[in-house]
Structures are given as C-alpha cells and as structure tokens.
Amino acid sequence: MARINPNDKQFDDNGSGGGERKQISIGRKLLAAVGFERYSSRNGNPMISVRFICLQDYEGGVDDRAEVYENFTLTERAYWRIVGFARALGYPDAFDPDVDEDISSLLTHGYVEANIQMDTWQGKERPKIDQFSRAGSVSEDPEWKTWIEEGEERHRGYLDWRKNNPRDGASHAAPARSPARGSTSGRVQDADIPF
C-alpha cells in the first residue's frame, strides 16, 4: 500500500482530488469553462459535468476564482439545456454532444454569464446554475489567464483522482482541451495546454 502524506495539497479539497478550490455563492457571475467529464447518471443517461471558474462577480462579492459545476444530460428531451448554454456563448456551429472535440470547441468559445442559486440535494446545499445568458462586452483582466490555467490544473488533478475513484456505473474522463483566448469573446485555441 502507498504511503500517504497528510501535508499533500491534493487532499485540501475534502477528497474530490481537484486541489484547493473555492465554492461560488449566489448571484450573477461571469464564468469560463475549465474542464469536463463524461459519466452516466444513475438511470443510465449520458451526462457531461462541466467545471466553471468565476472571472467576475457582478454582485460585488469576492467570488473571483470560485468554482461551480453544471451537469448536462445528453438525451433528446434534455438537449434544451446544453443548447441554451451554446446560445448564451454565441456558439455559431452545429455540434455533436457525443464528440469530445465538439464539446471542447463549445466550452472554449468564450465567456458566459450565469445566475447562481443554492439548491438542496440529498440534504446538502450546493450552488447551481439557474440560467445562462450572453456575456456582452467583456473587459478582460490579465489575471484571468492564470486563473483559468489554475482551474484547468485542478480539473486535471480531479480527472487523475477519478481514474482511481470511479463513479458508480460508467464513467469516462474526457480528454482535456485548452480553453480558447482571444476570439470575439476573448478566447482562442491554445493547442499546447490540455483543457
């Protein structure tokens, strides 16, 4: 059995394997996607869990760099949710939700605004994205690039942890892609850094 170092930073997030992270609070935020994972729901539906990082807290709070997850169900009856997200990004192309490259292209297209509310699930309160909307004109902060890269690194750590700690049922850690920087919404492809 491997030795465990209690000072290892990988344990700072209570076992999710993603490294240190700050949970987001309620209100309107500017978000960027930093990673995704494919899995199956308990009833067998294909899912994508997307990790977002907060770039700007419009409520005057201190949520910069805080994280929130959104799960998209990939069934015909539930496509409306991921389509709403694509429209909020201003994504112009058709995409196949079963193709990782298409999802990477979608997620890295730009920034999105989201309204965060608290939701109770299995007796625990957690932040949930209530709705997405278009980000409008964004004045980028030079620190965002670092924040996004740190979020990507935490997500890679999570995917490594997930390999040894699979979900119940089928799980697939999707290959990572780099977030875009510099397009009309401020993001372009950066092929040498994994998503």
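Right above here is the structure, for reference.
Fair warning: this is a prediction, and the values are worked out from it, not measured in the lab.

Asks: Explain the overall build of the chain here, please?
Replies: When helices and strands are tallied, the chain shows 3 helices and 6 strands. Scanning the chain from its N terminus toward the C terminus, one meets helices and strands in the order β-β-β-α-α-β-β-α-β. Out of the 195 residues belonging to the chain, those deemed buried represent 42%. The contacts of the chain with a sequence gap of at least 6 include a subset with a gap of at least 24, amounting to 60%. Surface summary for the chain: the accessible area is close to 10800 Å², and the carbon and sulfur share equals 47%.

Asks: Looking at this model, I keep getting lost on the layout of surface pockets. Mind explaining?
Replies: Rolled over the atoms, a probe sized like a water molecule indicates the empty space that remains. Counted as a void, the largest pocket has a volume near 1300 Å³. Lining the largest pocket are 30 residues, with Tyr39, Asn71, Trp121, Arg126 and Arg167 sitting closest to its centre. Of all the secondary-structure elements, those providing two or more residues to the lining of the largest pocket are strand E1 (27–40), strand E2 (46–57), strand E3 (67–73), helix H1 (79–89), strand E5 (124–134) and helix H3 (143–164). It is E3 that contributes the most residues to the lining of the largest pocket, 6 residues altogether. The residue makeup of the lining of the largest pocket, split by class, is 10 nonpolar, 8 polar and 12 charged.

Asks: Would you mind showing me how to read unusual backbone geometry here?
Replies: Residues apart from glycine generally show negative phi values, whereas peptide bonds are mostly found in trans. With a phi close to 80°, Arg65 is a non-glycine residue in the positive phi region. Checked against the element boundaries, Arg65 lands in the loop between E2 and E3. Overall, the relative accessible area of 38% leaves Arg65 in the partly exposed class. Located in the positive-phi region is Gln122, a residue other than glycine, with phi close to 50°. By the secondary structure assignment, Gln122 is in the loop between strand E4 (112–121) and E5.

Asks: Looking at this structure, how should I read the environment of Asp57?
Replies: Take Asp57: it is sitting in strand E2. With a relative accessible area of 10%, Asp57 lands in the buried category. Residues Asp57 and Lys29, spaced 28 residues apart in sequence, show a C-alpha to C-alpha distance of 4.7 Å. Every residue in contact with Asp57, bar those within four places of it in the chain, is listed here: Arg28, Lys29, Val62, Asp63 and Asp64. Within polar-contact distance, the side chain of Asp57 engages the side chain of Lys29 at 3.0 Å. A polar side-chain atom of Asp57 sits 2.9 Å from the main-chain amide nitrogen of Glu59.

Asks: Got a minute to help me understand the packing of H1 against helix H2 (residues 100–107) in this structure?
Replies: Geometry of a packed helix pair, given as the angle between the helix axes and the separation of the axes. Direction vectors running N to C along H1 and H2 enclose 45°, while the axes themselves pass 10 Å from each other. On the basis of their axis angle, the class for H1 and H2 is oblique. Touching Ile82, Phe85, Ala86 and Leu89 of H1 are Ile103, Leu106 and Leu107, all from H2. Its residues placed into classes, the contact of H1 with H2 shows 7 nonpolar, no polar and no charged.

Criteria and cut-off values
Residues numbered from 1 in each chain as written. Predicted model: local features only at pLDDT ≥ 70, side-chain atom pairs only at ≥ 80, totals over all residues. Heavy atoms only, no water. Helix = DSSP H or I, 4+ residues; strand = E, 2+ residues; numbered from the N terminus. Buried < 20%, exposed > 50% of the residue type's maximum accessible area, 1.4 Å probe, protein only. Contact = heavy atoms within 4.5 Å. Areas by Shrake-Rupley, 256 points an atom, 1.4 Å probe, with all protein chains shown as cover. 1 Å grid on protein atoms, 1.4 Å probe; cavity = no way out; pocket = protein on both sides within 12 Å on 5 of 7 lines; lining within 4 Å. Points joined across faces, edges and corners; volume = space filled by probe spheres on them. Nonpolar A, V, L, I, M, F, W, Y, C, P; charged D, E, K, R; others polar. Polar contact = N/O pair within 3.5 Å; in protein donor to acceptor, adjacent residues only side chain to side chain. Axes fitted to C-alpha atoms, helices over the stretch in contact; angles between N-to-C directions. Parallel < 35°, antiparallel > 145°, perpendicular 65-115°, else oblique.

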